[in-house]
Amino acid sequence: MKAPDFDYLRPETLAEAMDMLSRHGEDGAIIAGGQSLLPLLNFRLAGPERLIDIGRLAALKQIVDGDGFVEIGALVRHCDLASSEAVARAFPLLRQAVGHIAHPAVRHRGTIGGSLAMADPAAELGACCLALEAEMSLQSVRGQRWVRAVDFFAGIYETALAPDEILTAVRLPRRGPDSVQIFSEVARRRGDFAIAGLALVADNHMANPRLALLGVADRPILAEKTMALLANNMAAADQAIELIGNEIDPAEDPAYPPAYRRQLVRTLLRRTLMELLP
Amino acid sequence: MKTLRISLTVNGEVVEREVPARLNLVDFLRHDLGFTGSHVGCEQGACGACTVLVDGETVRGCLLLAVQADGCKVETIEIMEFEDLRAAFHRLNALQCGFCTPGMLLSAQELLQAKPKPSRAEIREYLSGNFCRCTGYQAIVDAVEAVARARGG
């Protein structure tokens, strides 16, 4: 199908974009790469009065290789994330995850901010942000605030963003030199949305493990019980593999019953921990 | 209907048009400019039949509005000169109906430029966003592999 009629605005600066959003936030939609929004428009699942195209705001395209953190602008595309040396050094998890996002032509347009703001529960980058303890910068004419990833995701396609706010950047704290970061997922075909996925971030010898899951709840979630069991205790691997399947509560789904997703998550954790064996 | 004036380069020529805000790039290329080599399949970004180059990179023509391409350089299959890839598709039966072929060729060419000697797995991976309902893909992978070898990759 074709998209419904809408008006199109293209601000030249972030200030202008925030101003437009403060006036049109309720019946307007931000478009960045458009790789999630255009299908929704084509299917007429979304019908905003106007699109505010922030795609050309150069200020949101930077990757800042900071002291103690890396800050990724909301308009950094998936392909930029995959080719950034700064990202590859600090967060190999992101490069691994990006390889699972759709296909090259989509990765040339899709952005990290767009993916996070869309908040599809099966999206890769949301789970990565949760595992990496990211903070999101939300800006509006009222000011800027930082929201932790764990507080950002509020449900299926729901986030902490107010109607007048723009997600402008994601800040990721650097990990130690021995940081372990492993991403894995199961999808029916390459590039499809995952049925389930898992991101592990830990320090050496499984200190401070963080296990984020995608596709198994209404938002990306942390497997906190399994994290506690595994902390500094690789000997508990078998128990952890069992526990992570019990810890989640996937919704009924005609294609993939909850028991299947529980089993997938156990398999993903087993594969992940196997990679860490000497 | 809300319209906007856009100016962009399409296949080497500067084009200025008044277009509806909701018009996507592939429909603009096909209906306004007559470049019907890019095909419209799923209109949801899944099939890859609408693949075109924007500023030198493959994109989904159905997932980009024409107004978003304002000021960009757009190239379609019509001006692509990779006769070896085209000939290999022909010779090795890498197409039947041809609906997916323009997108396949553009994606394959992009892969070969970035990686002159891809493995078969890498070819499959790179073309995974281009659906073919005729060939079963084997012959397409054969053709891309043959061109990689012939180009000395």
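Quick caveat: nothing in here was measured; it's all calculated off a predicted structure.

## A word on the overall build of chain B
Thinking step 1. Looking only at helices and strands, chain B has 5 helices and 5 strands in total.
Thinking step 2. The secondary structure elements of chain B, listed N-terminal to C-terminal, are β-β-α-β-β-β-α-α-α-α.
Thinking step 3. Its C-alpha atoms give chain B a radius of gyration of 16 Å, near enough to 15 Å, the size a compact globule of 153 residues would have.
Thinking step 4. With respect to the three principal axes, the spread of C-alpha positions in chain B is 50 × 30 × 20 Å.

## Quick look at helix H2 (residues 83–91) of chain B
Residues and elements named next belong to chain B.
Thinking step 1. Along H2, the residues classified as buried are Leu85, Ala88 and Phe89. For H2, the buried positions fall inside an angular range of 100° around the axis, keeping them on one side. Opposite the packed face of H2, turned more than 90 degrees from it, sit the exposed residues Glu83, His90 and Arg91.
Thinking step 2. For H2, the secondary structure elements touched by its buried residues are helix H3 (101–114) and helix H5 (138–150).
Thinking step 3. After H2 finishes, the residue Asn93 shows a positive phi value of roughly 60°.

## A short note on the interface of chain A and chain B
Thinking step 1. Contacts between chain A and chain B engage 32 residues on the former and 29 residues on the latter.
Thinking step 2. Of the roughly 2700 Å² buried between chain A and chain B, counting both surfaces, carbon and sulfur atoms make up 50%.
Thinking step 3. On inspection of chain A and its partner chain B, the count reaches 5 salt bridges.
Thinking step 4. Counting across the chain A and chain B interface gives 18 residue pairs in polar contact (both at pLDDT 80 or more).
Thinking step 5. Elements with a minimum of two residues in the side of chain A that touches chain B: strand E1 (7–9), helix H2 (37–42), strand E3 (50–53) and helix H6 (104–107) of chain A.

## Structural notes on the side chain of Thr101 of chain B
Thinking step 1. Note on placement: Thr101 of chain B falls in helix H3.
Thinking step 2. When sequence neighbours within four positions are dropped, the list of residues in contact with Thr101 of chain B reads Phe89 and Leu95 of chain B.

## Notes on the pattern of salt bridges
Thinking step 1. Counted under the stated rule, the structure contains 29 salt bridges over all chains.
Thinking step 2. A salt bridge links Lys2 of chain A to Asp27 of chain B; its shortest N-O distance comes to 2.7 Å. Here Asp27 of chain B lies in helix H1 (residues 25–32) and Lys2 of chain A lies in the segment before E1, a pairing that spans two chains.
Thinking step 3. In this structure, Arg190 of chain A engages Glu125 of chain B in a salt bridge whose closest nitrogen and oxygen atoms are separated by 3.1 Å. On the criterion of chain membership, the pair formed by Arg190 of chain A in the loop between strand E11 (180–186) and strand E12 (196–203) and Glu125 of chain B in helix H4 (residues 120–126) is interchain, its members lying in two chains.
Thinking step 4. Here the residues in one salt-bridge network are Arg120, Asp142, Glu145 and Arg149 of chain B, joined through shared partners.

## Regarding the packing of aromatic side chains
Thinking step 1. Applying the stated rule across the entire model yields 2 aromatic pairs over all chains.
Thinking step 2. Centre to centre, the rings of Phe152 of chain A and Phe153 of chain A are 5.1 Å apart; their planes meet at 85°, and the pair counts as edge-to-face.

## What to know about the domain arrangement of chain B
Residue and element names in this part refer to chain B.
Thinking step 1. Each domain of chain B was delimited in the assignment, giving domain 1 (3–78) and domain 2 (81–150).
Thinking step 2. For domain 1 versus domain 2, the distance between C-alpha centres works out to 22 Å.
Thinking step 3. Each partner contributes residues to the interface: domain 1 has 16 residues there, and domain 2 has 13 residues.
Thinking step 4. When domain 1 packs against domain 2, the two sides together hide about 1100 Å² of surface, and 59% of this comes from carbon and sulfur.
Thinking step 5. In terms of surface lost to domain 2, no three residues of domain 1 exceed His39, Thr58 and Ile77, which account for 43% of the buried area on that side.
Thinking step 6. Linking domain 1 to domain 2 there are 0 salt bridges.
Thinking step 7. For the side of domain 1 that touches domain 2, the secondary-structure elements that each account for two or more residues are strand E3 (51–54) and strand E4 (57–60).

## Describing the domain arrangement of chain A
All names here are of chain A.
Thinking step 1. Looking at chain A, the domain boundaries give domain 1 (7–53), domain 2 (61–173) and domain 3 (188–273).
Thinking step 2. Between the C-alpha centres of domain 2 and domain 3 there is a distance of 21 Å.
Thinking step 3. Carbon and sulfur atoms make up 65% of the area that domain 2 and domain 3 hide from each other, which totals about 1700 Å².
Thinking step 4. Ranking the residues of domain 2 by area buried against domain 3 places Pro121, Leu130 and Ala131 at the top, with a combined share of 29%.

Thresholds applied
- Residue numbers restart at each chain and count upward from 1, following the sequence in its written direction.
- For this description, chains carry letters from A and ligands carry numbers from 1, given in the order in which they are written.
- Given that the model is predicted, a residue must reach a pLDDT of at least 70 before its local features are reported, and side-chain atom pairs must reach 80 or more before they are shown or counted; all residues, however, enter totals for whole chains, interfaces and linings.
- Only hydrogens and water are removed before side-chain values are computed, so all heavy atoms of the structure are retained for them.
- In this text, helices come from DSSP runs of H or I with a minimum length of four residues, and strands from runs of E with a minimum of two, each type numbered from the N-terminal end.
- Radius of gyration: over C-alpha atoms. The globule rule applied is 2.2 Å multiplied by the number of residues raised to the 0.38 power.
- Residue burial is assigned from relative accessible area. The probe radius is 1.4 Å, only protein chains are included, and a residue is buried under 20% of its type maximum, exposed over 50%, and partly exposed in between.
- Think of the arc as the fan of directions from the helix axis to the C-beta atoms.
- Should any heavy atoms of two residues lie within 4.5 Å, those residues are counted as being in contact.
- Two parts lose some accessible area (1.4 Å probe) when they are put together, and adding that loss for both gives the buried area.
- Take a side-chain nitrogen of Lys or Arg and a carboxyl oxygen of Asp or Glu: if they are within 4 Å of each other, that pair is a salt bridge.
- The term polar contact refers here to a pair of N or O atoms within 3.5 Å; inside protein, the definition further demands a hydrogen-donor-capable atom paired with an acceptor-capable atom, and it admits residues adjacent in sequence only when both atoms are side-chain atoms.
- Two rings from Phe, Tyr or Trp (for Trp, the six-membered ring) form a pair when their centres sit within 6.5 Å of each other. Planes less than 30 degrees apart are called stacked, planes more than 60 degrees apart edge-to-face, and all others tilted.
- All domain edges in this entry derive from an automatic or database-based domain assignment.

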